[in-house]
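Summary of the model geometry
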Amino acid sequence: MRIKALIFAAGLGTRFKPWTDTHPKALAPVNGKSLLQRNIEYLQKYNITDVVVNVHHFSDQIIEAIQLNKGWGTKVEISDESDAVLETGGGLLKAAPFLREAEMFLTLNADILTNLDLSALLNFHYRNNPLISLAVTRRESSRYLLFDKNLKLVGWRNVKTGEEKISVPCDEPLKRAFSGVAVYRSDVLSLLEESDSFQEKKKFSVIDVYLELAKKNTINGYDHTGDILLDVGKPGSVEKAEELFG
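A brief report on the enclosed structure follows. Since this is a predicted model, take the numbers as computed values, not measurements.

1. Here we look at the overall build of the chain
- Check the secondary structure of the chain and you find nine helices and 14 strands.
- What you see for the chain is a C-alpha radius of gyration of 17 Å, in line with the 18 Å of a compact globule of 246 residues.
- Referenced to the eigenvectors of the C-alpha coordinate spread, the extents of the chain come out at roughly 50 × 35 × 35 Å.
- Expressed as a percentage of the 246 residues in the chain, the buried residues total 51%.
- Sequence separation of at least 24 residues holds for 74% of the intrachain contacts in the chain that already meet a minimum separation of 6.
- Of the side-chain charges in the chain, 31 are positive and 33 negative, and the distance between the mean point of each set is 3 Å.

Laid out in structure tokens, this is it:
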């Protein structure tokens, strides 16, 4: 089965200053390896060696690193957002031409490191055949995806502001924090491209994609609570990453 991956690496990294004043966050080093290299090598462990990287902030540095290192042994294509950062949803839509040939594809964030078993997630997706499978955990967060008792996506909630978006009515939804890793059937791309609202917006979050598509499609949560999951976009996170990832 042809599987590709999209690594979101276009973000401005405002929480990661002063590094991101002169570098892209994706090239921040952890024990001598950049976050981007670590995620590419993580995918290699599961025989995923066909990768798209979207770029915006200091895009030339990311492209140069990929070229100098020959993709760290992976075929890497660039989805160039140099003109305007499109956020994760817009980035997914722009990268669609690179992903369409795959039977299913993954997305992950360059600034998240995890030991999530991708084989288990892919098998879960293949067995259940939802439109999208979202890796989630039961951890504390300010923002949660909401699921029914069968872990089917029904909404989103910001517990700090009280803002809530409901796709499917549910009496007692379960809260889960998104891990930044998702698996998609390839037909999600045509749904995005046929959506007038997404085409008009251009810049939007992938969470908006999940919530809109959940109204008419099955989007499942895959709970991998207990795995290592580290957001390396926060202050002091590099030191923690260096303890956990050799």
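The structure having been displayed, the exposition proceeds.
2. Some points on a positive patch on the surface
- Taken together, Arg139, Arg143, Lys160 and Lys234 make up a surface patch of like positive charges.
- Relative to the helices and strands, Arg139 resides in the loop between β8 (132–137) and β9 (143–147).
- The exposure class assigned to Arg139 is partly exposed, which follows from its relative accessible area of 32%.

Conventions and cut-offs
- Residues numbered from 1 in each chain as written.
- Predicted model: local features only at pLDDT ≥ 70, side-chain atom pairs only at ≥ 80, totals over all residues.
- Heavy atoms only, no water.
- Helix = DSSP H or I, 4+ residues; strand = E, 2+ residues; numbered from the N terminus.
- Rg over C-alpha atoms; globule rule 2.2 N^0.38 Å.
- Buried < 20%, exposed > 50% of the residue type's maximum accessible area, 1.4 Å probe, protein only.
- Contact = heavy atoms within 4.5 Å.
- Lys, Arg positive; Asp, Glu negative; His and termini not counted.
- Charge placed at Lys NZ, Arg CZ, Asp CG, Glu CD.
- Patch = residues over 30% accessible without salt bridge, like charges linked within 9 Å, V, L, I, M, F, W, Y side chains within 5 Å.
- Areas by Shrake-Rupley, 256 points an atom, 1.4 Å probe, with all protein chains shown as cover.
- Salt bridge = Lys/Arg side-chain N within 4 Å of Asp/Glu carboxyl O.

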